[in-house]
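Read off the chains here:
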Amino acid sequence: ELLVKRVFDFVASGLGLVILSPLLLVMAALIKATSKGPVFYKQNRLGLAGRRFTLYKFRTMRQGAHDDLSIVSDLNAMTTPEFRAKKTRWITPVGRFMRKFSIDELPQLINVFIGHMSIVGPRPTVPDEVERYKDWHRRRFSMKPGITCLWQVNGRNNIAFEDWMKLDLEYLDNWSLWLDVKILLKTVPVVLFGIGAY
């Protein structure tokens with residue numbers, strides 16, 4: 001089943017990059033034309049077994065956002081209205097549109113094609129967060145991270161950090177190809193209607 005999952009990821013991400021290339025080029029041009037900074041936002045993340053890789057996203061924020069937003073003492077604070085308001089102030093107009101419909105996530109198809117990520121799996125972890133993980137949180141490193149997951153289809157940014165971790169472990173404990181299919185099907189309306197995104 002894991003082999004089938006990897007073959008699907010490879011084929012789907014490759015086709016996705018080809019089919020969506022016109023959209024990717026348009027978004028890259030809009031980002032470059034409307035704000036200073038690179039087109040892509042590159043960030044170190046942790047994947048399978050805690051291995052580091054570079055995650056790719058379209059840049060949605062003004063320069064300096066990461067330095068300001070990374071100052072968080074409690075991981076649960078990242079889901080509060082106060083943090084959301086602070087984060088929103090850094091988002092560019094084009095970035096707001098991309099985040100609403102998860103277009104900023106599309107470059108992660110490159111990560112899936114390479115093999116760092118899967119289409120479906122726990123969200124990739126920022127290394128700084130791991131220092132504040134509890135022991136039971138670390139089990140999420142037993143599978144490749146994904147572009148979409150149970151967190152994505154159950155409220156996204158409206159879910160507290162601890163509940164997010166529980167959803168990731170629920171995915172690991174009940175994983176099957178059929179579960180991946182169900183998550184993919186549920187992802188479609190979530191993306192189209194921008195549920196839980198900001």
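The coordinates are above.
Residues numbered from 1 in each chain as written. Predicted model: local features only at pLDDT ≥ 70, side-chain atom pairs only at ≥ 80, totals over all residues. Heavy atoms only, no water.

Draft legend 1. Expanded view of the overall build of the protein chain. Along the backbone of the protein chain there are 10 helices and 4 strands. Secondary structure of the protein chain in N-to-C order comes out as α-α-β-β-α-α-α-α-β-α-β-α-α-α. Counting the 198 residues in the protein chain, one finds 48% classified as buried. The long-range fraction of contacts in the protein chain, counting pairs at least 24 apart against all pairs at least 6 apart in sequence, stands at 72%. (Helix = DSSP H or I, 4+ residues; strand = E, 2+ residues; numbered from the N terminus. Buried < 20%, exposed > 50% of the residue type's maximum accessible area, 1.4 Å probe, protein only. Contact = heavy atoms within 4.5 Å.)

Draft legend 2. View of unusual backbone geometry. Phi is positive for Ala49, close to 60°, though the residue is something other than glycine. The phi angle at Ser102 is positive, at roughly 60°, despite the residue not being glycine. For Ser102, the position within the fold is in the loop between helix H5 (93-100) and helix H6 (108-114). Exposure remark for Ser102: the relative accessible area of 8% places this residue in the buried category.

Draft legend 3. Up close: the pattern of salt bridges. Overall, the coordinates contain 7 salt bridges when judged by the stated rule. With a shortest N-O distance of 2.6 Å, Asp180 and Lys5 are connected by a salt bridge. With Asp180 in helix H10 (residues 177-192) and Lys5 in helix H1 (residues 2-19), this pair connects stretches of sequence that are 175 residues apart. With a closest N to O distance of 2.5 Å, Asp168 and Arg140 form a salt bridge. Within this pair, whereas Asp168 is found in helix H9 (residues 161-173), its partner Arg140 is found in the loop between helix H7 (127-130) and strand E4 (146-148), the two being separated by 28 residues in sequence. As far as the burial class goes, Asp168 and Arg140 line up, both buried. The network of salt bridges with shared partners includes Lys57, Asp104, Glu105 and Arg123. (Salt bridge = Lys/Arg side-chain N within 4 Å of Asp/Glu carboxyl O.)

Draft legend 4. Broad picture of helix H2 (residues 21-34). Its 14 residues place the ends of H2 20 Å apart at the C-alpha level, agreeing with the 20 Å of an ideal helix rising 1.5 Å per residue. Of all the positions in H2, only Leu24, Met27, Ala28 and Ile31 are classed as buried. End-on view of H2: buried residues confined to an arc of 105°, all on one side of the axis. Turned more than 90 degrees away from the buried face of H2 sit Leu25 and Ala33, all of them exposed. In this structure, the buried side of H2 is in contact with H1, strand E2 (52-58) and H5. (Expected span 1.5 Å × (residues − 1). Arc of directions from axis to C-beta.)

Draft legend 5. Quick look at the packing of H1 against H2. For the pair H1 and H2, the least separation of the axes is 4 Å and the interaxial angle reads 60°. Viewed along their axes, H1 and H2 adopt a mutual orientation that is oblique. Contact residues: H1 offers Leu17, Val18 and Ile19, while H2 offers Ser21, Pro22 and Leu24. Taken together, the residues of the contact of H1 with H2 sort by class into 5 nonpolar, 1 polar and no charged. (Axes fitted to C-alpha atoms, helices over the stretch in contact; angles between N-to-C directions. Parallel < 35°, antiparallel > 145°, perpendicular 65-115°, else oblique. Nonpolar A, V, L, I, M, F, W, Y, C, P; charged D, E, K, R; others polar.)

Draft legend 6. Quick look at the nonpolar core. The biggest cluster of nonpolar side chains holds 29 residues, and the ones touching the most others in it are Met117, Tyr133, Trp164, Tyr171 and Ile183. Of all elements in the fold, only E2, H6, strand E3 (118-120), helix H8 (150-153), H9 and H10 reach the threshold of two or more residues within this core. Of all hydrophobic cores here, the second largest spans 10 residues; its members include Ala28, Ile31, Met98 and Ile103. (Core = buried A, V, L, I, M, F, W, Y, C linked by side-chain atoms within 4.5 Å.)

Draft legend 7. Examining the environment of Asp128 more closely. Counting through the fold element by element, Asp128 comes out in helix H7. You can call Asp128 partly exposed: its relative accessible area is 45%. On a C-alpha basis, the gap between Asp128 and Leu46 in space is 10.0 Å, while along the polypeptide they are 82 residues apart.

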